[in-house]
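Given next are the chains, with one letter for each unit.
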Amino acid sequence: MDVVRTAIGLMSGTSMDGIDVALIRTDGRGFIERGPFLGMPYDAEFRGRLKRALELARPLRDRNERPGELREIELELTLRHATAVTAFLEHFGLAANGVDILGFHGQTVLHRPDEGLTIQIGDGRELACRTGLSVVYDMRANDMVHGGQGAPLVPAYHAALAGKFQQAGEAVCFVNIGGISNLTYIGADGRIAAFDSGPGNTLIDQWVEMQTGRTYDPGGEIGGRGKVVPALAERYLNSPFFRGNVRRSLDRGDFAPLRPDEASLEDGARTLAHVAAASIIKSAGFLPERPSAYIVCGGGRLNGTLMGELSAMTEGSRVLSAEAAGFDGDAMEAEAWAYLAVRSLDGLPLTFPGTTGVAAPVSGGVLARP
Ligand SMILES: Nc1ncnc2c1ncn2[C@@H]1O[C@H](COP(=O)(O)OP(=O)(O)OP(=O)(O)O)[C@@H](O)[C@H]1O
Ligand SMILES: CC(=O)N[C@H]1[C@@H]2OC[C@@H](O2)[C@@H](O)[C@@H]1O[C@H](C)C(=O)O
């Protein structure tokens, strides 16, 4: 029998809004028992530090390089993850010795798949020392070494969750609307196809923050009061990213923010919600077939304007929130990192030709013991 392990996943995503912590018990294959979840938001000062890290990383050409200040931010980020693990265990009354492994994403500071370069800051060895727990980290690099895009990695977990739909003979598509959005199609026969689909919340967040100082559009209310500016929407939707037959993964900076004077606050937020929804639909055109349902996870599902646009664009397919499908849309990525850590321990593939374009299924991740 395959070993069932207790794993905690730690995700600091492209939105840079905080650390998501989730616990699951899994054999890294078909058995998944989902446990508690806690989101731990970053304060404005640390978000600023992470933005600085993106700037510092821009000129790097070696993924192991950490010029002074970037190394300081990496250590701060790592300590915050150690604190998040302690807080999570305390909050749910869990004992550290009941946890077998931590799956640590770190923070992506640069992603240039065309150059075979992806950099996640976060020191797995330091995290293992601080928490006294074994850590699997740096899970994207080996995929790139083998010709993959280094992202998305969550699809292996989506595939495991999709079992119940497969049994019902349904093809479904998970839509993760984070900073960037990505799609995972799972056919009724288990076929998997996944790729980044376009800008998610980042453009909306940048616009709302620039105009109001708030870090996102709560519920999509601001956008709900505006109208789509077609010329601005077209500028994004005509991007070469949506053309051509090879899907590529995205960096947070691949789509330029709106300029301050290009729209009113409300019209800008509405237009960018439209762009996020239309990007998903354009990219879904590259899926093997139309899914019977889209299962939406990530923070973007809480933006009612974006969800309204998406529902209006999906003919013949249901649009379900992750919760309506029996999952937790906030916890999913952190759960995925726990699942991937267990797969890594067992040497199982994390990525597949259908998910990152890697030549053959490959495992990945680096193990650090305390
Ligand atoms: N109540 C809400 N209303 C509208 N938008 C929200 C709400 N809560 C969160 N969001 C949006 O979701 C974003 C966070 O989403 P999520 O945590 O899925 O992203 P991430 O994991 O950082 O990104 P990625 O999947 O790209 O790594 C926020 O930046 C915000 O834009
Ligand atoms: C390089 C990187 O960190 N990419 C993220 C980003 O955020 C969403 C999308 O772009 C996805 O490709 C990926 O994250 C998810 C968790 C993934 O790898 O599946």
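Residues numbered from 1 in each chain as written. Chains lettered and ligands numbered in written order. Predicted model: local features only at pLDDT ≥ 70, side-chain atom pairs only at ≥ 80, totals over all residues. Heavy atoms only, no water.

Caption draft 1: The site of ligand 1, seen in detail. In the region of ligand 1, 21 residues are neighbours, and T14, G179, D205, G219 and E333 sit closest. One of the backbone nitrogen or oxygen atoms of G179 is found 2.9 Å away from an oxygen atom of ligand 1. Within the backbone of I180, a nitrogen or oxygen atom sits 3.2 Å from an oxygen atom of ligand 1. Residues that form the shell around ligand 1 fall into these classes: five nonpolar, twelve polar and four charged. Shared between two domains, the shell around ligand 1 holds at least three residues of each, these being domain 1 (5-150 + 359-368) and domain 2 (155-321). (Near = heavy atom within 4 Å. Polar contact = N/O pair within 3.5 Å; in protein donor to acceptor, adjacent residues only side chain to side chain. Nonpolar A, V, L, I, M, F, W, Y, C, P; charged D, E, K, R; others polar. Domains from an automatic or database assignment.)

Caption draft 2: Spotlight on the sheet that holds strand β8 (residues 172-177). Spatially, the five strands line up as an open sheet ordered β10-β9-β8-β11-β12, and their pairing is mixed. On the outer flanks of this sheet lie β10 (192-199) and β12 (318-321), each paired with one strand and no other. Ignoring strand direction, the axes of neighbouring strands in this sheet form an average angle of 20 degrees. Across seven bridges, the pairing between strand β9 (residues 180-186) and β10 is antiparallel. Bridging across to β10, N182 finds its partner in D196. (Pairing = 2+ DSSP bridges. Helix = DSSP H or I, 4+ residues; strand = E, 2+ residues; numbered from the N terminus. Axes fitted to C-alpha atoms, helices over the stretch in contact; angles between N-to-C directions.)

Caption draft 3: Structural view of the domain arrangement of the chain. Considered domain by domain, the chain is made up of domain 1 (5-150 + 359-368) and domain 2 (155-321). Each of domain 1 and domain 2 has a C-alpha centre, and these two points are 24 Å apart. Tallying the contact residues gives 15 residues for domain 1 and 16 residues for domain 2. Of the roughly 1200 Å² buried where domain 1 meets domain 2, counting both sides, 46% is carbon and sulfur surface. Summed over the shared surface of domain 1 and domain 2, the number is three salt bridges. Inspection of the region where domain 1 meets domain 2 yields eight residue pairs in polar contact (both at pLDDT 80 or more). When residues of the side of domain 1 that touches domain 2 are traced back to their parent elements, those giving at least two are β3 (32-41), α1 (44-57) and β5 (107-112). Looking at the side of domain 1 that touches domain 2 element by element, the count peaks at three residues for α1. Broken down by class, the residue content of the side of domain 1 that touches domain 2 amounts to six nonpolar, four polar and five charged. (Contact = heavy atoms within 4.5 Å. Buried area = accessible area lost by both parts, 1.4 Å probe. Salt bridge = Lys/Arg side-chain N within 4 Å of Asp/Glu carboxyl O.)

Caption draft 4: Geometry of helix α9 (residues 230-237). Burial in α9 covers these residues: L232, A233, Y236 and L237. Buried positions in α9, seen along its axis, are confined to an arc of 130 degrees and lie on one side of it. Facing away from the buried surface of α9 by more than 90 degrees, the exposed residues are P230 and A231. Residues of α9 that are buried make contact with α7 (202-212) and α10 (265-284). (Buried < 20%, exposed > 50% of the residue type's maximum accessible area, 1.4 Å probe, protein only. Arc of directions from axis to C-beta.)

Caption draft 5: Structural context of the site of ligand 2. Contacts to ligand 2 come from 15 residues, most closely from T108, R140, L153, V154 and D196. L153 is positioned such that a nitrogen or oxygen atom in its backbone is 2.8 Å from an oxygen atom of ligand 2. Contact between ligand 2 and V154: an oxygen atom at 2.9 Å from a main-chain N or O atom of the residue. Look at ligand 2: alone it shows 430 Å² of surface, and the protein chains cover 97% of it. Mapped onto the shell around ligand 2, the elements with two or more residues apiece are β5, β9 and α12 (332-345). Here the shell around ligand 2 is composed, by residue class, of seven nonpolar, five polar and three charged. (Areas by Shrake-Rupley, 256 points an atom, 1.4 Å probe, with all protein chains shown as cover.)

Caption draft 6: Looking closely at the sheet that holds strand β1 (residues 5-11). Spatially, the six strands line up as an open sheet ordered β3-β2-β1-β4-β7-β13, and their pairing is mixed. Strands with a single pairing partner mark the edges of an open sheet, and in this sheet they are β3 and β13 (366-368). Strand-to-strand, the axes of this sheet are offset by a mean angle of 20 degrees, without reference to chain direction. Judged from the seven bridges that link them, β1 and strand β2 (residues 18-26) form a sheet pairing that is antiparallel. Across the sheet, I8 pairs through a bridge with L23, a residue of β2. Relative to β1, α12 is tilted by about 130 degrees, and along the sheet it contacts β1, β2, β3, β4 (101-104), β7 (135-137) and β13.

Caption draft 7: Examining unusual backbone geometry more closely. For the bond running from A151 to P152, omega is -5 degrees, close enough to zero to count as cis. Within the element layout of this structure, P152 appears in the loop between α4 (141-145) and α5 (155-161). Unusually for a residue other than glycine, M16 sits at a positive phi of about 60 degrees. Note that M16 resides in the loop between β1 and β2. We classify M16 as buried; its relative accessible area is 1%. In the Ramachandran plot, D138 falls in the positive-phi region, its phi being about 50 degrees despite a non-glycine side chain. Position of D138 relative to the elements: it lies in the loop between β7 and α4.

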